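So the chains spell out like this:
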Amino acid sequence: MALNDESSSRKNPDIVINAVFHINLINDHLKQSDKLKALVNNRPIVSHQRHLKYSLANSKLSDEQRQFYEDNGFLVIKNLVDAEYLDKYKRRFQMVCAKQIEIPFMTVMKDVAIAKSEFVEGEKAITKIQDFCLDDELFEYCCLPAIVDYVKAFTGPNVMAMHTMLINKPPDPGTRTSRHPLHQDLYYFPFRPADRIVCAWTAMERITRENGCLVVLPGSHKGELIKHDYPKWEGGVNKMYYGIQELDKFNKADLVHLEMERGDTVFFHPILIHGSGTNRTSGFRKAISCHYAASECEYIELDGTIQEAVKLEVEGIAKKRAGGADIDVVEIWRSKSRLVCGERISL
């Protein structure tokens, strides 16, 4: 039969031509396949059909990093911010504490235990400053390319700095007031969508479980915004330290402590459940952070929602500062936020 087939092909050259054509066509398809390319170049095969909800494709995040954030709701980038910047922000904070400078719309906070003391002054008296967007030196943190390049992978190209903090967690006096209850940052925010909001939180020094590192509940960003209220702690609770009340629904064994070195930065989703522990050391623990949002996000109505309580408290504080004038929560947020890059569209 083999001899007969060979002689037959010699008599019919069209058969050979057609066979060669089809073989070449198959080879061309194989050469163009992503799978073959990945195997030939010893690279992992990437599915172009996969849809990731919580991040955007850009050149900064690897597929592995995007998948980790998708699954867990946070991502730690080691050694992201240089020490020279952190030293600068620490000096600026010390100037605020010494009352050498005043920053418009900025809030200076004291721990509830420290606030009752008449003998604590300066840096040791201040546990947090918030909303420093109008101070160019501190706002520099929000604009660092090392951070913003990652932020764009969550917000897109039009980036707003919405909420800023420099945290100076004090040594706990025994009341455990230095801890921050488990909460979701979205509870404070009157804008959506949540998936285009991200926090960058940078350790200004080594942060451990002993001095009150962040603690997170991986995967909780896939849930919904939960009702918050002030915890009923015996030692008292700091102003605006709202916490989740229905903690019995969660397994505390699943909590992860994020111990970080100086300059490490964690990016996390606003629905991620997180908090921080008691500072059991004799020193103050510093970190700096910014919540970013896509400028395409839009403000929402909070009346009648589980966020109404915090809205009323924020408006009440603003009214007191304004000498009794009513100020809407949206106007408050507009006044303390600032464009980082791109175009200011809605926020």
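Residues numbered from 1 in each chain as written. Predicted model: local features only at pLDDT ≥ 70, side-chain atom pairs only at ≥ 80, totals over all residues. Heavy atoms only, no water.

S.K.: Give me the lowdown on the side chain of serine 276, citing residues and values where you can.
M.R.: For serine 276, the position within the fold is in strand 13 (residues 274-276). Look past the residues within four positions of serine 276 in its chain and what remains in contact with it is Lys169, Arg179, His180, Gly212, Cys213, Leu214, Val215 and Arg285. (Helix = DSSP H or I, 4+ residues; strand = E, 2+ residues; numbered from the N terminus. Contact = heavy atoms within 4.5 Å.)

S.K.: Let's hear about the nonpolar core: which residues, and what values?
M.R.: Of all hydrophobic cores here, the largest spans 42 residues; its most connected members are Tyr89, Ile129, Tyr141, Ile147, Leu166, Phe267 and Tyr292. Of all the elements, helix 8 (residues 145-155) adds the most residues to this core, at six residues. Beyond its immediate stretch of four places on either side in the chain, isoleucine 129 contacts Phe93, Val96, Met106, Thr107, Val108, Leu138, Thr164, Met165 and Leu166. Met160, Tyr242, Ile271 and Val314 belong to the second largest nonpolar core, which has 24 residues in total. (Core = buried A, V, L, I, M, F, W, Y, C linked by side-chain atoms within 4.5 Å. Buried < 20%, exposed > 50% of the residue type's maximum accessible area, 1.4 Å probe, protein only.)

S.K.: Pulling in residues and values, what's your account of the sheet that holds strand 11 (residues 256-258)?
M.R.: Read across the open sheet, the four strands follow the order 5-13-8-11; overall the sheet is antiparallel. Each edge of the open sheet carries a strand with a single partner, namely strand 5 (180-183) and strand 11. Pairwise comparison of adjacent strand axes, ignoring direction, gives a mean angle of 20 degrees for this sheet. Strand direction decides the pairing type here: strand 8 (residues 214-216) and strand 13, joined by three bridges, are antiparallel. Within strand 13, the position partnered with leucine 214 by the bridge is serine 276. (Pairing = 2+ DSSP bridges. Axes fitted to C-alpha atoms, helices over the stretch in contact; angles between N-to-C directions.)

S.K.: Describe in detail the pattern of salt bridges, supporting the description with residues and values.
M.R.: For the structure shown, the criterion picks out 13 salt bridges. Taking the shortest distance from any N to any O, the salt bridge between lysine 78 and aspartate 264 comes out at 2.6 Å. Highlighted residues: lysine 78 in the loop between strand 1 (74-77) and helix 5 (83-97) and aspartate 264 in the loop between strand 11 and strand 12 (265-268), separated in sequence by 186 residues. Judged by its relative accessible area of 2%, aspartate 264 falls in the buried class. Lysine 311 serves as the salt-bridge partner of aspartate 303, at 3.3 Å between the closest nitrogen and oxygen. (Salt bridge = Lys/Arg side-chain N within 4 Å of Asp/Glu carboxyl O.)

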